[in-house]
Amino acid sequence: MKSNEVKLIREDGRRLDGRAFDELRPLKIEVGVLEKCDGSAYVELGKTKVYAAVFGPREVHPKHLALADRAILNCRYHMASFSVDERKPLGMTRREIELSKVIREALESVVFLEEFPRTCIDVYIEVIQADGGTRTAGITAGSLALAEAGIPMIDLVAGVAVGKINGHLVLDISDIEDKYGEADMPVAMAPRLNSIVLLQLNGRLTGEEFKNALELAKKGIMEIYQQQREALRRKYSGISAEEV
Amino acid sequence: MPLYFSEKEIVLPGQLLSDNGRRSGEGTYVLDGKVYAAVIGLATIKNEKVCVIPLKGVYNPQVGDKVIGIIAEVKPNGYEVSLGKHLFATVKIPDKREVQAMNFKIGDVIYGVVKESGLRGVFLETGDKLKKITSGLLIMIHPSKIPRLIGRRGSMINMLKKETGCELIIGKNGYIVIRGDNPLGEFAALSAIKLIEREAHSQGLTERVGKLIKKIMQGAVS
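Residues numbered from 1 in each chain as written. Chains lettered and ligands numbered in written order. Predicted model: local features only at pLDDT ≥ 70, side-chain atom pairs only at ≥ 80, totals over all residues. Heavy atoms only, no water.

Draft legend 1. Quick look at the overall build of chain B. The number of helices and strands found in chain B is 5 helices and 15 strands. Once the C-alpha set of chain B is aligned to its principal axes, its extents read approximately 55 × 50 × 25 Å. A buried classification covers 47% of the 222 residues belonging to chain B. Put simply, of all contacts in chain B between residues at least 6 apart along the chain, 54% involve residues at least 24 apart. With the model as given, the accessible surface of chain B reaches about 11,100 Å², and the carbon-plus-sulfur share is 51%. (Helix = DSSP H or I, 4+ residues; strand = E, 2+ residues; numbered from the N terminus. Buried < 20%, exposed > 50% of the residue type's maximum accessible area, 1.4 Å probe, protein only. Contact = heavy atoms within 4.5 Å. Areas by Shrake-Rupley, 256 points an atom, 1.4 Å probe, with all protein chains shown as cover.)

Draft legend 2. Structural detail: the environment of I196(B). Residues and elements named next belong to chain B. With respect to the helices and strands, I196 occurs in helix α4 (residues 183–199). For the pair I196 and N77, spaced 119 residues apart in sequence, the C-alpha to C-alpha distance is 39 Å. Dropping the residues within four chain positions of it, I196 is found in contact with R148, L149, M156, L160, L205 and V209.

Draft legend 3. Region of the structure containing the side chain of E182(A). Position of E182(A) among the secondary structure elements: in the loop between α3 (175–180) and β8 (183–190). Buried and without a salt bridge, E182(A) has K164(A) as its closest oppositely charged side chain, separated by 4.4 Å. (Lys, Arg positive; Asp, Glu negative; His and termini not counted. Salt bridge = Lys/Arg side-chain N within 4 Å of Asp/Glu carboxyl O.)

Draft legend 4. Focus on the domain arrangement of chain B. The domains assigned to chain B are domain 1 (9–54), domain 2 (66–133) and domain 3 (137–217). The straight-line distance from the C-alpha centre of domain 1 of chain B to that of domain 2 of chain B is 34 Å. (Domains from an automatic or database assignment.)

Draft legend 5. Up close: the sheet that holds strand β6 (residues 49–54) of chain B. Residues and elements named next belong to chain B. Spatially, 3 strands are ordered β1-β5-β6 in an open sheet, and the strand pairing comes out antiparallel. Because the sheet does not close on itself, it has two edges, and the strands there are β1 (9–11) and β6. On average, adjacent strands in this sheet sit at an angle of 50° to one another, irrespective of strand direction. Bridge count for strand β5 (residues 41–46) against β6 is 6 bridges, and the pairing is antiparallel. Within the sheet, the bridge partner assigned to A43 lies in β6 and is V52. (Pairing = 2+ DSSP bridges. Axes fitted to C-alpha atoms, helices over the stretch in contact; angles between N-to-C directions.)

Draft legend 6. Structural detail: the sheet that holds strand β14 (residues 167–170) of chain B. Residue and element names in this part refer to chain B. Taken in spatial order, the 3 strands line up as β13-β15-β14 in an open sheet, and their pairing is antiparallel. Taken across any chain shown, the strands that pair with only one partner, and hence form the sheet edges, are β13 (137–140) and β14. Taken pair by pair, the neighbouring strands of this sheet meet at an average axis angle of 20°, ignoring direction. In terms of strand pairing, β13 meets strand β15 (residues 175–179) through 4 bridges, oriented antiparallel. Bridging from a neighbouring strand, L138 pairs with V177 of β15.

Draft legend 7. Spotlight on the interface of chain B and chain A. The interface is formed by 30 residues belonging to chain B together with 32 residues belonging to chain A. Taking both sides of the interface into account, the surface hidden between chain B and chain A amounts to around 2,800 Å²; carbon and sulfur atoms contribute 61%. Linking chain B to chain A there are 1 salt bridge. Among the salt bridges present, the one from K56(B) reaches E148(A), with a minimum N-O distance of 3.3 Å. At the boundary of chain B and chain A, one finds 8 residue pairs in polar contact (both at pLDDT 80 or more). Contributing elements (two or more residues each) for the side of chain B that touches chain A: β3 (28–31) and β4 (34–37) of chain B. Partitioned by chemical class, the residues of the side of chain B that touches chain A number 17 nonpolar, 8 polar and 5 charged. (Buried area = accessible area lost by both parts, 1.4 Å probe. Polar contact = N/O pair within 3.5 Å; in protein donor to acceptor, adjacent residues only side chain to side chain. Nonpolar A, V, L, I, M, F, W, Y, C, P; charged D, E, K, R; others polar.)

Draft legend 8. Representation of a nonpolar patch on the surface within the structure. A cluster of nonpolar residues, L16(A), I176(A) and Y180(A), forms a patch on the protein surface that exposes about 250 Å² of accessible area. By secondary structure assignment, the location of L16(A) is in the segment before β1 (27–31). (Patch = residues over 30% accessible without salt bridge, like charges linked within 9 Å, V, L, I, M, F, W, Y side chains within 5 Å.)

Draft legend 9. Region of interest: the pairing of strand β6 (residues 158–165) of chain A. Residues and elements named next belong to chain A. Among the 8 residues in β6, 8 count as buried, and that is most of the element. Burial along β6 is two-sided: the face carrying A158, V160, V162 and K164 and the face carrying G159, A161, G163 and I165 are both buried. Pairing geometry for β6 and β8, over 7 bridges, is antiparallel. From the neighbouring strand, A158 faces β8, where its bridge partner is M189. Direction of pairing for β6 relative to strand β7 (residues 168–171): antiparallel, over a ladder of 4 bridges. Looking at β7, one finds that V162 is bridged to L171. Counting the residues in the hairpin turn of β6 and β7 gives 2 residues, including N166, whose phi is positive at 45°.

Draft legend 10. Highlighting the packing of aromatic side chains. One pass over the full model with this rule turns up 5 aromatic pairs over all chains. Pairing Y42(A) with Y51(A) gives two aromatic rings, centres 4.6 Å apart and planes at 35°, and the pair type is tilted. A relative accessible area of 9% means that Y42(A) is categorised as buried. What makes Y51(A) partly exposed here is its relative accessible area of 28%. A centroid spacing of 5.2 Å and a plane angle of 55° characterise the contact between F112(A) and Y29(B), whose relative ring orientation is tilted. Here F112(A) is found in the loop between α1 (94–108) and β5 (119–129), whereas its partner Y29(B) is found in strand β3 on a different chain. Assessed through its relative accessible area of 15%, F112(A) is described here as buried. Classification of Y29(B) by relative accessible area gives buried; the value is 7%. (Phe/Tyr/Trp six-rings, centres within 6.5 Å; stacked < 30°, edge-to-face > 60°.)

Below you can see the structure in the form of structure tokens.
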């Protein structure tokens, strides 16, 4: 098989970028980075860079789409033209439309939509630089932006992609590992609920490998989840209690 | 029964607050008989219930709130009033002649009191409690910053009024009308309110606001 010809693991047993198998790329999370929206977040996972912005709850347009008993959640996952090696044409590709849908469904499962009947909440996820794991980084950023917009939600959502390269399960796969590896599995979870809100799998894993991969993803997600909370806390740390 | 937070501590969505599901108040939810925070805010206890005071988010009308709105639509039996963002309130007047007598037009600014707020929508009180605001400077700030603008027992707002010589009408929904004798005072009030919105919840705000107003009132426009 051609994919096995590419060596993704170095002689010293580490990955191409020097990481261990169960190691995340350097993670940077910031909250409240954009001005004209109600909530925003920036997530950087190695070379993957993602912005998310939330607007709303606001009026639905066109009006007939509004639901009488709950809000609708709109989600747009979009990659900037310059985010990939070869320029991506403007507009939404099939892939982006599909990812918008799965991200929307992942976020819908934690937001209390019924608190804002007849409104819509818009989540815009913009990938500035893509190096694997953009959808999961998008979910991580999107849930932070929702929280920062003050929208009631059950829990934050964090996501990470696990994969299989040269027969080894690895955490947080990068673009090369995704392209030449055997499998790619993005997972997003709401840790408080202990429920999986997004799970996709490209390639092949045995039942045993799948279980191990999920455990690996869980470990990565908990790490990201901690940093998410820290980022939110940091944003509001200057607030003193006496004033309210 | 144990609580998992200290008073006025910043909590995040999904944070465990209490083991007693019956103590769930505003800004919280119950899962498996335990209370968790639903929004970012300051956890506190109000009437024996665990509540989270939101730091952000949209205005949620409560009965008795005084609000400022803009007439968005004139109907035969009342008015539609915009309360900013996605929120609309209805003024229902049974008597058709009374609607004509009030003679509100689209774009007029009114000051009213919330009579009912629920699934059917928001309704404002009619009669004496509904007033038209004829002059002044209309601005909007974030609704969650309004309590800070008023201050403890009105300390902040009273200082603003005294120092700038302006009359301030505050709507809980975030609209504020500034009405003063001279433009300088109005500008000072506006700048001070913007400062409060920007730096709400920071320490020593009252002094800084006072300084800013004095500076502007003395003619040093920053």
